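Survey of secondary and tertiary structure
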Amino acid sequence: MDDPGSLPTDPVETALHLRAVPAVAEQAGAVRAAVLRWARAVCRSREIVDDIGLAVYEAMANVIDHAYPAGATHRVFDLHADSEADILTVVVADHGRWKAREPDSVPSWRGRGLLMIEKLAAEVELCRNASGTLVRMRWPCPQSTA
């Protein structure tokens, strides 16, 4: 029997790229699980990993709820996660156009996703243009040596 300590170990994947993910609620759990697996592999801080999971979930929920009009047939988003020099970056990008909040709308329990993302991530960048909306989130994090 081989010594388990002598078996080659898989290198840590420092990047995760998911393209053309259907922007439907049924996909959010699987994508969040993939992001959490990636984050656990590259970051030693459980708190940061948990923050990444929740922030990414909120970003996906915003795409699902706000990026595409009802009945749109091509509802997708891309997710790119990368680890470089102890900085974790996750980008969620769609190809739609988020619905603007009504200026006189009554406050409700909804509409707090971006606020949550801003509290969970060390840095957040929101870019809206003709090709869609991009949410870039960054966290400083000591990388795992596993």
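The structure under discussion appears in the preceding block.
What this report covers is the structure whose coordinates are included nearby. (Residues numbered from 1 in each chain as written. Predicted model: local features only at pLDDT ≥ 70, side-chain atom pairs only at ≥ 80, totals over all residues. Heavy atoms only, no water.)

1. What about the environment of Gly132?
Quick note on the threshold: Only DSSP runs of H or I reaching four residues or more are called helices, and only runs of E reaching two or more are called strands; each is numbered from the N terminus. In what follows, a contact means two residues having at least one pair of non-hydrogen atoms within 4.5 Å.
Tracing the backbone shows Gly132 in strand 5 (residues 132-140). It is 8.1 Å that separates the C-alpha atoms of Gly132 and Trp98, two residues lying 34 residues apart in sequence. If near-sequence neighbours (up to four positions away) are discounted, Gly132 is found in contact with Asp94, His95, Gly96 and Cys127.

2. Considerations on helix 3 (residues 113-120)
Counted only if it meets this: Buried residues are those whose accessible area, probed at 1.4 Å on protein chains only, stays under 20% of the maximum for their type, while exposed residues exceed 50% and partly exposed ones sit between those limits. Comment: arc refers to directions from the helix axis out to C-beta atoms.
For helix 3, the set of buried residues is Gly113, Ile117 and Leu120. Viewed end-on, helix 3 has its buried residues packed into an arc of 70 degrees, placing them on one side of the element. Away from its buried face, by an angle of more than 90 degrees, helix 3 presents the exposed residues Leu115 and Lys119. For helix 3, the secondary structure elements touched by its buried residues are helix 2 (46-67), strand 4 (123-129) and strand 5.

3. Details of the pattern of salt bridges
The criterion, for reference: By convention in these notes, a salt bridge is any Lys or Arg side-chain nitrogen within 4 Å of a carboxyl oxygen on Asp or Glu.
Applying the stated criterion to the full structure yields three salt bridges. For Arg46, the salt bridge is made with Asp50, and the minimal N-O distance between the two is 3.9 Å. Of the two residues, Arg46 and Asp50 are both situated in helix 2; the distance of four residues between them amounts to about one turn of the helix. Relative accessible area serves as the criterion here: at 66%, Arg46 is assigned to the exposed category. The partner of Arg138 in a salt bridge is Glu123, with the nearest N and O atoms 2.8 Å apart. With a gap of 15 residues between them, Arg138 in strand 5 and Glu123 in strand 4 connect regions that are remote in the sequence.

4. Looking at the state of the cysteines
Selection criterion: Here, two cysteine sulfur atoms that lie within 2.5 Å of each other are counted as a disulfide.
Taken as a whole and judged by the stated rule, the model has one disulfide. With its sulfur 1.5 Å from that of its partner, Cys43 forms a disulfide with Cys141. Taking the torsion about the sulfur-sulfur bond, which here is approximately 75 degrees, the covalent link between Cys43 and Cys141 counts as right-handed. Of the two residues, Cys43 is situated in the loop between helix 1 (25-42) and helix 2 and Cys141 in the segment after strand 5; the sequence distance between them amounts to 98 residues. Per residue, the accessibility class of Cys43 equals that of Cys141, and both read buried.

Just geometry here; none of it tells us what the structure is for.
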